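Here are the chains, one letter per residue:
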Amino acid sequence: MPRALSRKLYRIVLQLLGVWLAFDLISRLAAEIFWFDEIGYLSTWATRLATQIGLWIFSFLITLIFLLFNLRVAKNAKSLSRNPYFVSKRFLPRRWKKAKPEIFTTSKYGFTLRLLLPVVIVLSLLGGIIVVYYGQEALKIWYPQIQLPSFTLQLPTTWTLFLQLFNLQNVLIPILQLILLLGLTIAILGYPHYYLKITSFLISSFIGFLVSANWNKILEYFNSTNFERTDNLFGRDISFYVFSLPVWELLDFCFIGVLSYSLVAVTLTYLRSTDTISEGRFAGFSLLQRLHINALVSLFMLGIALRYWLLRYKLLYSTRGINYGASYTDITVELPIYTGLSLFAIVMSIYLVWRIILLFRVSQINPESVPHARQLVYAIGIFLIVATISSKMLPAVVQQFIVKPNELARERPFIRRTIELTRRAFNLDSIEVKTFDPQGKLTLEDLQENDLTISNIRLWDTRPLLQTNRQLQQIRPYYKFPDADIDRYTLRKEEGTGSEKQQTIIAARELDYSGVPQQAKTWVNEHLFYTHGYGFTLSPVNEVIPGGLPKYYVKDIGVENKGTPSSLQIAKRIRASVPIGQPRIYYGEIANTYVMTGTKTEEFDYPKGNENAYNVYDGRGGIPIGSMWRRLLFAQYLKDWQMLFTRSFKSETKLLFRRNIKERVRAIAPFLRYDKNPYLVVANGNATNKKGEGTYLYWVLDAYTVSDRYPYSDPGQNDFNYVRNSVKVIIDAYNGTVDFYVADDTDPIINTFKAIFPNLLKPLDSMPVPLRAHLRYPVDLFSIQSERLLEYHMTQEQVFYNREDLWKIPKEVYGREARPVKPYYLIMKLPTAKNEEFILMQPFTPTQRENLIAWLAARSDGQQYGKLLLYEFPKQRLVYGQKQIEALINQNPEISRQITLWNREGSRAIQGNLLVIPIEQSLLYVEPLYLEAERNSLPTLIRVIIFYENKIVMEESLEKAIKKIFDPKYNTTGLKENLIPPINIAVPTIDTTNPEE
C-alpha cells in the first residue's frame, strides 16, 4: 500500500474514532442532563460537574505548566552550558554580562561514570515511582473496586525488630505496578527528553483526577460551618479538622509530588545534557543549573515543612497509647519533634534562597565559593536521619521506659479527652441514663394496663415471614420479596371505635427479571413488558391463623375492591386505615433494568386467573424518548441499539432508568452515606399520577453525614469517627421522585451541604405528616452507637483504663446457631413514659458474664424522636441474660422433650428471637418456636415460650402462656413442673479503689 494512502486511511480512522468518542461524551452528558432535570436536581448535578471539571482543568494546567516550564528552563540552561557566548547575550541578567562566560560552564565538582550511571538509574527509577504511585492513588479514588494483583514478600526473621519499628511486618509487592515501573524506568533511561515530557502529562493528569475526585472536600472547605467546639490541644474549632485539614493535606500531597518529580526530571536532564554516558564523565553543574536546582529544592523543603506542620494535627488521631488520639508521648515528644522538623525545613528553604542570592552575585565573587550541591546533599541527608531517629525511635523509647511504668498517671487527662469527644462524636453524650431495678411483681392487672405492649409482642420475625411469603405470596417466579421491614400503623379497632398502634411487618413484591424463564428473556420482555412489581404483604407481628401461619392484613395480588379470586385481599378495617390504591412498584430495591413505558406493547401488570392484567404507565417519572435524536442519544448511552430499530415506540414513550433506589439516591447525593436497609411505607404522601389519582407507596432511606477527622474520637471498627443521621430520603415507588429532608439541623456537616446545594435539602417540617409518622430510628446507626457504648459508657478515667466494666452484645440461639442479639423494635411503654411508643432496643451483658447489665432504647415517635435512654440494672443483683434464658429453656425437661420430638427426619424446630420486654418494673422474656420442613421450608408458629421470675411455660399461643404464668388458678394447680429452682450465680464484686493507692 502506498505510504500516502496509508497515511490518509490512518487519518480517517483517527477522525472517525474522535467523532465516536465525542458522540459518546455528548450522549453521556445529554443523558445525565435529561435525567437530573427529570427528577428536579439539575442544579445540584451542575454544581458538582462544574466543580469537578474546573478543578481538573485548573490543577492539570497548573501542574503541567510548572513541569514543562522547568523542563524548558533546564533545556535553556543546557544550551547555555554548550554555547555561553550566544545565550548570555539574550537571556542573562544585566549584571552578569560583564562576567567571564567560563563561570557559567566550568565546575570542579564533576564525577565519573562509576557514580554517574547509578545516579541516573536511581533518578529514572524515582521518576517512575512517582508517576506509578500517583497513578495508583488516582485509581483508588475513581475505581476503588479494582484490586490490583500483589504478593507478600517473605523477609528474614532476623529483621523482625527493624520491621516492627517501621511497621513493615507485611510487605506487599504489587505485580502490575512493578511492571509499569520497570517499563517507565527503561523508557526514561533510553529517551529521557521525550519521556520526561510524556510522564509530565501523565502526572499532571493524575494530579487533576486526585483533586477533582475530592471536589466535595474543597466545596466543604469554602462553605464550612463551625462546630462551636474546640479541641483541647490546639484550641481550634472542630470544623478545622473536619473541613480544612483534609484540603491542606491534599494540597501538600500534590505539591510534594509535583516538586519531587520536577526535581528528579530537571536533575536527570542536566546529568544527560551532553553525551555524558558515552563520554564516561559528567563535568559538573553549571551556574544556572545550580540556581535552578536550588530553587526547586527550596520549594520542596517548604512542602516538607507543611507536611510536618500538618502531622502535628494528625496526632489527634494517634493510636500509639492506651487511648485513641494524642497521648502523653505524642504531645511531649512527637509534637515538639514535628514542630522542630517543620521549622528546620523552613530554615533549609531559607538557606537555599540565600544560596541563590549568593549565586546571583557571581560578577563580584567566585561562584565556587558558594557551597556546592554536595553540601546540599549532606544537609538533606542529615535532615532525613534526624527525622527518622526523632520521629520513630525516640517516641518508642519514651513510650516504653517513661510512660508504661506510670501509664495511668501519665495518660489520665488524655483518656478523659478521648472519652468526652468519642461520646460527643457518636452522640452518646445525649443518652439519658436511668436505673431499672426489676421487682418481679407483675400481675394480670398490670398486663391489662399495658395491653398495647402485650398485643404487640413480636412473635413473627422477618426471616420466617419472608420464607412464608416466598412460598405463599410470591405468586409467580418472576416476583420476589427482597426484604421485610418492621413498622407500625395506626389501625381502626375491630369493634370500629377508635384506633390503636399496631406493629407490623411489610414486604414489597418486586419484579425480579432474573426469575423470568430463559426462553422468555427477550429484549421486548426485559424492557417493554416486565416493567414493575406489584403490591405488598402487611402482617401483624403477633397474630397467627389456624395452622400456625402468619395472619395477613394485605395479601395476594390484584386491584382493590374487585371481587375476583385473584384480587388483592384487604381486611375491612385495614382498608379504612391504610390507603392502598393501585400499588405498582416501578422503583425498588431490585429494579435493576431500564424500561420503556407508553409503547405499543402493553405492560404486564399482574396475573389474573388464567390471564394477565395489563397496564400503561401514567406516572410522572421517565424521560420522553419519542424523537429519533433522543433515541439515538440514549441508545449510545445505554449501549442498546435495539432502541433505534424497534417499532414499538410512540411519541409519548418514556425511558425509566436508575430505578434501583439506592443507585438513584447515590447518583443525586454521593457525598452522603446511606443505610443498608430502605423500608417501604404505605401512606398518603400527597403524590399523584398524571390522572390525579393518589400514589401511596414510598421508600424511606436513612442517610448519614460522617467524618473520620473528629479529634480524639475512637472509630472502633468503623472507617469514620463521627456520624449523624442527618437526612431522611423519601422515594416515590411509582413516580420515582426523590426528596431529601434534613432530620438533624444541628449537624454542622449537613448545614455545610445546605450552603453548597441550596436546592437539595428540605426542612423536615415540610414532609407530609402521614410519612413523618413512619420515620423510625435506624438500626445501622443504633448498632454503631451500641457498639461504641460497650466501652464508652465508662466515663471515669481509671475505670476506663482498667476496662473493669466492659460490656458486650449478648448472644442468643436462633435455629441451631448462636448469634449476637440484633436490635429489635417494640411498641412498649417506657418506665418514665405515659403512653406506649415505638422504640428500638438493645440489651447488654458484661464481658465475662451472661447476665443483663443494661438496655438501650431509641425513641421514634413524634417529639420524642431520636432520644436515647439507657437503663442500667443494679450491679448487685442478677438479671438473666438471653444466653442464660436459652440454657434454662433447653434444660426444661418438658420443652426439651417436645423439641426433640419435632426434630424428626424431614423437619426441625427453630427457636426464634428471644425478646426481653420491660413492663412496668419487671422483665418478661418471650421466645417463639417455629416448625419447618428441611425442604421447601414453610415455617409455622407452633409454640410460644415465656419466662418470668424463674417460671417457664410453653403454650400454643401468647395469650395462653401469659394466663398460665399470671393466672393464680394455674399457679396453684398445675405449674410445679414448670417451676425452676433458684440458681445461685456468684456475682463478683468490683473493687473500684485505685490500685496505686
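Here the structure is a predicted model, which means the values were calculated and not measured.

(A) Expanded view of the nonpolar core. Within the largest apolar cluster, 262 residues are counted, with the highest numbers of intra-cluster contacts made by Phe634, Val729, Phe740, Tyr925 and Ile946. Looking at which element gives the most residues to this core, the answer is helix H9 (residues 238-271), with 20 residues. Residues in contact with Phe634, not counting those within four places in the same chain, are Ala31, Phe34, Ile623, Ile625, Lys639, Met643, Leu655 and Phe657.

(B) Structural context of the packing of helix H7 (residues 192-213) against helix H8 (residues 215-222). Where H7 meets H8, the axes come as close as 4 Å, and the angle between the chain directions of the two elements is 55°. Viewed along their axes, H7 and H8 adopt a mutual orientation that is oblique. Side by side, H7 and H8 meet where Val211, Ser212 and Ala213 of the first sit next to Trp215, Asn216 and Ile218 of the second. Partitioning the contact of H7 with H8 into residue classes produces four nonpolar, two polar and no charged.

(C) Here's a closer look at the packing of H9 against helix H11 (residues 287-314). H11 packs onto H9 with a crossing angle of 155° between their chain directions and a minimal axis gap of 9 Å. With respect to H11, the element H9 is oriented roughly antiparallel. The crossing of H9 and H11 is left-handed. Residue composition of the contact of H9 with H11, by class: 20 nonpolar, six polar and four charged.

(D) Molecular detail of the side chain of Asn456. Looking at the secondary structure, you find Asn456 in the loop between helix H16 (451-454) and helix H17 (462-472). Polar contacts involving the side chain of Asn456 include one to the main-chain carbonyl oxygen of Lys501, which spans 3.5 Å. Discounting residues that sit within four places of it in the chain, Asn456 has contacts with Lys501, Gln502, Gln503, Val541, Asn542 and Ile827.

(E) Structural context of the packing of aromatic side chains. Counted according to the given criterion, the structure contains 59 aromatic pairs. Where Tyr478 meets Phe604, the ring centres are 5.4 Å apart and the plane angle is 85°; that geometry is what we call edge-to-face. Residue Tyr478 is found in the loop between H17 and strand E6 (479-480), and its partner Phe604 is found in strand E16 (residues 603-608); the two are separated by 126 residues along the sequence. Here Phe604 falls in the buried class, since its relative accessible area comes to 1%. Where Phe529 meets Tyr530, the ring centres are 4.9 Å apart and the plane angle is 80°; that geometry is what we call edge-to-face. Its relative accessible area of 15% is what places Phe529 among the buried residues. Looking at Tyr530, the relative accessible area reads 10%, which means it is buried. Clustering of aromatic rings is evident, with ring pairs tying together Phe34, Trp35, Phe36, Trp45, Trp629, Phe634, Tyr637 and Phe657.

(F) A look at the pairing of strand E36 (residues 940-948). Along E36, eight of the nine residues are buried, which leaves the element largely enclosed by surrounding structure. In the sheet, strand E35 (residues 922-933) pairs with E36 via seven bridges, with the strands oriented antiparallel. Bridge pairing in E36 places Leu929 opposite Arg943. Turn length for the E35-E36 hairpin, with the two strands adjacent in sequence and antiparallel, is six residues, and the turn residue Asn936 shows positive phi of about 50°. Note that E36 and strand E37 (residues 951-955) share five bridges and pair antiparallel. For Ile945, the partnering residue across the bridge sits in E37 and is Met954.

(G) A look at the side chain of Arg859. With respect to the helices, strands and loops of the structure, Arg859 is situated in strand E31 (residues 854-859). Within the structure, Arg859 has its side chain in polar contact with the side chain of Gln864 (distance 3.3 Å). Aside from chain neighbours lying at most four places away, what touches Arg859 is Tyr777, Leu830, Ala833, Glu837, Phe838, Ile839, Gln864, Tyr865, Gly866, Lys867 and Leu869.

(H) Spotlight on unusual backbone geometry. Positive phi, close to 65°, is recorded for Ile475, a residue that is not glycine. Secondary-structure assignment places Ile475 in the loop between H17 and E6. One non-glycine residue, Arg803, lies in positive phi territory at about 50°.

(I) Seen up close, the sheet that holds strand E19 (residues 654-656). Taken together, three strands build an open sheet; the order of strands is E15-E19-E18 and the sheet is antiparallel. If you trace the sheet from one side to the other, it starts and ends with strand E15 (595-597) and strand E18 (623-624), each paired once. As paired strands, E18 and E19 are joined by two bridges and run antiparallel to one another. Bridged to Pro624 within E19 is Lys654.

(J) Seen up close, the pairing of strand E30 (residues 837-846). Judged by how many residues are buried, E30 sits mostly within the fold: 10 of 10 residues are covered. Side chains of E30 alternate between two faces, with Glu837, Ile839, Met841, Pro843 and Thr845 and Phe838, Leu840, Gln842, Phe844 and Pro846 buried alike. Inspection of the sheet shows strand E29 (residues 824-828) paired to E30 by five bridges, in the antiparallel sense. By the bridge assignment, Ile827 is partnered in E30 with Phe838. Bridging between E30 and E31 involves six bridges; their strand directions are antiparallel. Along E31, the bridge assignment pairs Phe844 with Ala854.

Analysis parameters
Residues numbered from 1 in each chain as written. Predicted model: local features only at pLDDT ≥ 70, side-chain atom pairs only at ≥ 80, totals over all residues. Heavy atoms only, no water. Core = buried A, V, L, I, M, F, W, Y, C linked by side-chain atoms within 4.5 Å. Buried < 20%, exposed > 50% of the residue type's maximum accessible area, 1.4 Å probe, protein only. Helix = DSSP H or I, 4+ residues; strand = E, 2+ residues; numbered from the N terminus. Contact = heavy atoms within 4.5 Å. Axes fitted to C-alpha atoms, helices over the stretch in contact; angles between N-to-C directions. Parallel < 35°, antiparallel > 145°, perpendicular 65-115°, else oblique. Nonpolar A, V, L, I, M, F, W, Y, C, P; charged D, E, K, R; others polar. Left-handed = near helix turned anticlockwise from the far one by under 90°. Polar contact = N/O pair within 3.5 Å; in protein donor to acceptor, adjacent residues only side chain to side chain. Phe/Tyr/Trp six-rings, centres within 6.5 Å; stacked < 30°, edge-to-face > 60°. Pairing = 2+ DSSP bridges.

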